[in-house]
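Descriptive analysis of the structure
The chain contents come next:
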Amino acid sequence: MKRKMIFPALFIAVAAGVFLWWKWRPSEEKRVQQQVERLAARFSRQSDEGGAAMALKMNGLSNMFADTFSVNLTDFPFNGEYSSSTMLSNIARARALFEEITLRFYDVSVELTDEDAAEVLFTARVVMKRKAGGAAMADTREMRCALKRVDGKWLFVSFSEQQVLVP
C-alpha cells in the first residue's frame, strides 16, 4: 500500500516545486531593480567599513558596468564617457574621500525597452560625510539610467538626470 502512494506523492511534490519556481522566479524587471539596489549598496560606505568590506564592494562593482559607460548630470564635473575600469577607479577615489556615504534610490520604475535593454527612473539621494568630522552634504536628483543585458547579466550603460521641473 505504501509503495503505491510514493509515486503520486513524489509527483505532487515535483509539480508543487515547479509551480512555486514558476510563480516566484524573478522577472527581468525585478532583476534590473535588484541590480540598481546592489549598486546603491555597493557604492555606500559605513564609517566603520574595513579594508576587506571595501575590497568586496569594489569587486562587486567591477562587473556592474558595461565596457563603455556615460554620465550626464547637471552641474557635475565628471560628465562624459568612461570605460568600466575608469568608472570603478573614480568610484574608489570618491569613496576614499568620505567617511560615510549613504546612497538610496526611491520610486524605482523599470521599463524593458527591448529584450536586452532597460530604462530605470528613480529618485537618487546621497548623503556624504567628509572625513575628520566634516559637515555632511546631501543631494537629491531625479535620475534615468540605461542598462543592457550581456551574457545574462544586467550592466549599467548610462546615468543621466531626468528634468522634472523645466521652466
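Here, the structure is the one placed above.
What comes next concerns the included structure. (Residues numbered from 1 in each chain as written. Predicted model: local features only at pLDDT ≥ 70, side-chain atom pairs only at ≥ 80, totals over all residues. Heavy atoms only, no water.)

This brings us to the overall build of the protein chain. Of regular secondary structure, the protein chain possesses 4 helices and 6 strands. The helix and strand sequence of the protein chain, counted from the amino end, reads α-α-α-β-β-α-β-β-β-β. For 167 residues, the compact-globule estimate of 2.2 N^0.38 gives 15 Å, and the protein chain exceeds it by more than 25% at 21 Å. Dimensions of the protein chain, computed from C-alpha atoms along their principal axes, come out at roughly 75 × 40 × 30 Å. Sorting the 167 residues of the protein chain into buried and exposed places 28% on the buried side. Accessible surface for the protein chain amounts to roughly 11000 Å². Of this, 58% is attributable to carbon and sulfur atoms. Each charge class in the protein chain was averaged separately, 23 positive and 20 negative side chains, and the resulting centres sit 11 Å apart. (Helix = DSSP H or I, 4+ residues; strand = E, 2+ residues; numbered from the N terminus. Rg over C-alpha atoms; globule rule 2.2 N^0.38 Å. Buried < 20%, exposed > 50% of the residue type's maximum accessible area, 1.4 Å probe, protein only. Areas by Shrake-Rupley, 256 points an atom, 1.4 Å probe, with all protein chains shown as cover. Lys, Arg positive; Asp, Glu negative; His and termini not counted. Charge placed at Lys NZ, Arg CZ, Asp CG, Glu CD.)

Now for the sheet that holds strand β5 (residues 136-150). Strand pairing within a sheet occurs via backbone hydrogen bonds; the two strands may be parallel or antiparallel. Taken together, the 6 strands give an open sheet; going across it, the order is β2-β1-β6-β5-β4-β3, and neighbouring strands pair in mixed fashion. With partners counted over all chains shown, the strands left at the sheet margins are β2 (80-83) and β3 (98-114), one partner each. Strand after strand, the sheet turns through a mean of 25° between neighbouring axes, direction not considered. Where strand β1 (residues 65-72) meets strand β6 (residues 153-161), 4 bridges bridge the pair, whose relative direction is parallel. Each bridged residue has a counterpart across the sheet, and for Val 71 the counterpart in β6 is Phe 159. Of the strands in this sheet, β1, β2, β3 and β4 (117-130) are in contact with helix α4 (residues 84-97), which crosses β2 at around 100°. (Pairing = 2+ DSSP bridges. Axes fitted to C-alpha atoms, helices over the stretch in contact; angles between N-to-C directions. Contact = heavy atoms within 4.5 Å.)

With that settled, the discussion passes to unusual backbone geometry. It is generally the case that most residues other than glycine have a negative phi and that most peptide bonds are trans. Positive phi values are uncommon outside glycine, yet Asp 75 reaches one of about 50°. If you trace the backbone, Asp 75 turns up in the loop between β1 and β2. Unusually for a residue other than glycine, Asp 107 sits at a positive phi of about 50°. Following the sequence through the fold, Asp 107 ends up in strand β3. Given a relative accessible area of 66%, Asp 107 falls into the exposed group.

Structurally, Arg 42 is set in helix α2 (residues 28-43). Among the residues examined, Arg 42 registers a relative accessible area of 24% and is labelled partly exposed. Put simply, Arg 42 and Ala 55 are 13 residues apart on the chain and 10 Å apart in space, counted from C-alpha to C-alpha. Leave out the neighbours within four places in its chain, and Arg 42 touches Lys 57, Gly 60, Leu 61, Met 64 and Arg 95. Polar side-chain contacts of Arg 42 include one of 3.1 Å to the backbone oxygen of Gly 60. (Polar contact = N/O pair within 3.5 Å; in protein donor to acceptor, adjacent residues only side chain to side chain.)

As a further point, take the packing of α2 against helix α3 (residues 51-61). Interhelical geometry of α2 versus α3 gives an angle of 145° and a closest axis separation of 9 Å. As α2 runs across α3, the sense of the crossing is left-handed. Together, Leu 39, Ala 41 and Arg 42 of α2 and Lys 57, Gly 60 and Leu 61 of α3 make up the contact between the two elements. Here the residues of the contact of α2 with α3 sort into 3 nonpolar, 1 polar and 2 charged. (Left-handed = near helix turned anticlockwise from the far one by under 90°. Nonpolar A, V, L, I, M, F, W, Y, C, P; charged D, E, K, R; others polar.)

The subject of this paragraph is the pairing of β1. Sheet analysis places β1 next to β2, joined by 4 bridges and oriented antiparallel. Bridge pairing in β2 places Val 71 opposite Gly 80.

Contact pair α3 / α4: the axes reach a minimum separation of 10 Å and the direction vectors enclose 150°. Regarding the angle of α3 to α4, the classification is roughly antiparallel. Note on packing geometry: the crossing formed by α3 with α4 is right-handed. Across the interface between the two elements, Met 54, Lys 57, Met 58 and Leu 61 from α3 touch Leu 88, Ile 91, Ala 92 and Arg 95 from α4. Among the residues forming the contact of α3 with α4, the class breakdown is 6 nonpolar, no polar and 2 charged. (Parallel < 35°, antiparallel > 145°, perpendicular 65-115°, else oblique.)

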